[in-house]
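In case you want the letters, here they are:
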Amino acid sequence: MANPRTIARISARIQERAAHCLQFEIRDPRASFVTVTRVETTNDLSLAKVFYSVLGDEGDRSKVEHMLEHATGFIQRQVTRVLRMRRAPALRFVYDDSIETAAAMDQLIREALERDRRIDPTLAEREANEARLAAEDARLREAARITERDAGLADLRARDEPDELEPDELEPDKLEPDKLEADNSERSESTSDDEEAPTDRRLTDESR
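Residues numbered from 1 in each chain as written. Predicted model: local features only at pLDDT ≥ 70, side-chain atom pairs only at ≥ 80, totals over all residues. Heavy atoms only, no water.

## Observations concerning the sheet that holds strand 1 (residues 34-41)
Piece 1. If you walk across this open sheet you meet the three strands as 1-2-3, and the pairing is mixed. Each having just a single partner strand, strand 1 and strand 3 (90-95) make up the two edges of the open sheet. Between one strand axis and the next, the sheet turns through 30 degrees on average, direction left out of account.
Piece 2. Here strand 2 (residues 47-54) runs beside strand 3; their pairing, made up of six bridges, is parallel. Within strand 3, the residue paired with Val-50 across the bridge is Phe-93.
Piece 3. Where helix 1 (residues 4-25) meets the sheet, its contacts fall on strand 1, strand 2 and strand 3, and the angle it forms with strand 1 comes to roughly 155 degrees.
Piece 4. Helix 2 (residues 58-83) contacts strand 1, strand 2 and strand 3 of the sheet and is inclined by roughly 160 degrees relative to strand 3. (Pairing = 2+ DSSP bridges. Helix = DSSP H or I, 4+ residues; strand = E, 2+ residues; numbered from the N terminus. Axes fitted to C-alpha atoms, helices over the stretch in contact; angles between N-to-C directions. Contact = heavy atoms within 4.5 Å.)

## A closer look at the pattern of salt bridges
Piece 1. For the structure shown, the criterion picks out eleven salt bridges.
Piece 2. When the shortest N-O distance is used, the salt bridge between Asp-28 and Arg-30 registers 2.8 Å.
Piece 3. When its relative accessible area of 18% is taken as the criterion, Asp-28 is described as buried.
Piece 4. Beyond isolated ion pairs, a larger network of salt bridges with shared partners links Arg-38, Glu-40 and Asp-96. (Salt bridge = Lys/Arg side-chain N within 4 Å of Asp/Glu carboxyl O. Buried < 20%, exposed > 50% of the residue type's maximum accessible area, 1.4 Å probe, protein only.)

## Concerning the pairing of strand 2
Piece 1. Across the eight residues that make up strand 2, a large majority, seven, are buried.
Piece 2. Examined bridge by bridge, strand 1 and strand 2 share seven bridges and lie antiparallel to one another. Of the residues in strand 2, the one forming a bridge with Arg-38 is Phe-51.
Piece 3. The turn joining strand 1 and strand 2, which pair antiparallel and follow one another in sequence, is formed by five residues; a positive phi near 60 degrees is taken by Leu-45.
Piece 4. With helix 2 bridging strand 2 and its parallel neighbour strand 3, the resulting β-α-β unit is right-handed. (Right-handed = clockwise from strand over helix to strand, strands pointing away.)

## Focus on unusual backbone geometry
Trans peptide bonds make up the majority, and among non-glycine residues the majority have a negative phi.
Piece 1. Positive phi is not limited to glycine here, since Leu-45 has a value of about 60 degrees.
Piece 2. Along the chain, Leu-45 turns up in the loop between strand 1 and strand 2.
Piece 3. Within the chain, Arg-84 stands out as a residue other than glycine whose phi angle is a positive 55 degrees.
Piece 4. Structurally, Arg-84 can be placed in the loop between helix 2 and strand 3.
Piece 5. For Arg-84, a relative accessible area of 77% translates into the label exposed.

## Observations regarding the nonpolar core
Piece 1. Core analysis: the largest hydrophobic core is formed by 28 residues, its most contacted members being Ile-14, Leu-22, Tyr-52, Met-67 and Ile-75.
Piece 2. Of all the secondary-structure elements, those providing two or more residues to this core are helix 1, strand 1, strand 2, helix 2 and strand 3.
Piece 3. By residue number, the principal contributor to this core is helix 2, which donates seven residues.
Piece 4. Setting aside chain neighbours within four positions, we find Met-67 in contact with Leu-22, Asp-28, Arg-30, Ala-31 and Val-34. (Core = buried A, V, L, I, M, F, W, Y, C linked by side-chain atoms within 4.5 Å.)

This is the structure:
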């Protein structure tokens with residue numbers, strides 16, 4: 001049993017190469033109506049189902065089926081070359097009716113809604129109100145998300161910016177002019193006292 005990741009990788013490679021063959025390498029106008037929708041590969045890598053859809057009616061689908069029966073061998077060889085495996089999965093083309101099924105379901109839903117509108121004329125108005133409320137709710141959610149994001153960015157910027165310092169903290173040695181003059185006056189008076197003190201002591205000694 002192969003690894004699921006390996007199976008997915010091989011399936012994607014088969015889908016890519018098969019689609020390229022149908023679009024560019026097969027000289028048949030019927031190949032242009034084919035779209036490869038998906039590829040399912042078995043766990044033992046022995047078989048790969050190539051699902052396809054056809055643009056057209058039942059007649060076009062029948063023509064494409066005959067074309068693929070004749071082109072399977074060529075596509076198999078091209079896929080084997082790119083896979084580079086000792087034993088490549090055998091290809092089997094399977095018509096994919098999921099698109100048609102989805103379209104049919106969508107049509108049934110539309111018809112049921114139309115019948116409900118005819119039975120209850122206010123249904124369309126209620127649906128419009130619900131759609132408007134849903135749109136308003138989505139708008140409010142988006143606005144709240146943007147506001148929360150901006151707040152988070154502002155908080156990050158605030159954390160990254162340095163704290164503002166007071167002038168005294170930025171220049172601790174800088175004093176105001178008035179304080180500077182007062183300090184100078186005090187220093188001058190102190191110096192004068194120191195100079196006068198020795199003179200007073202000499203006069204005292206001479207008087208003795």
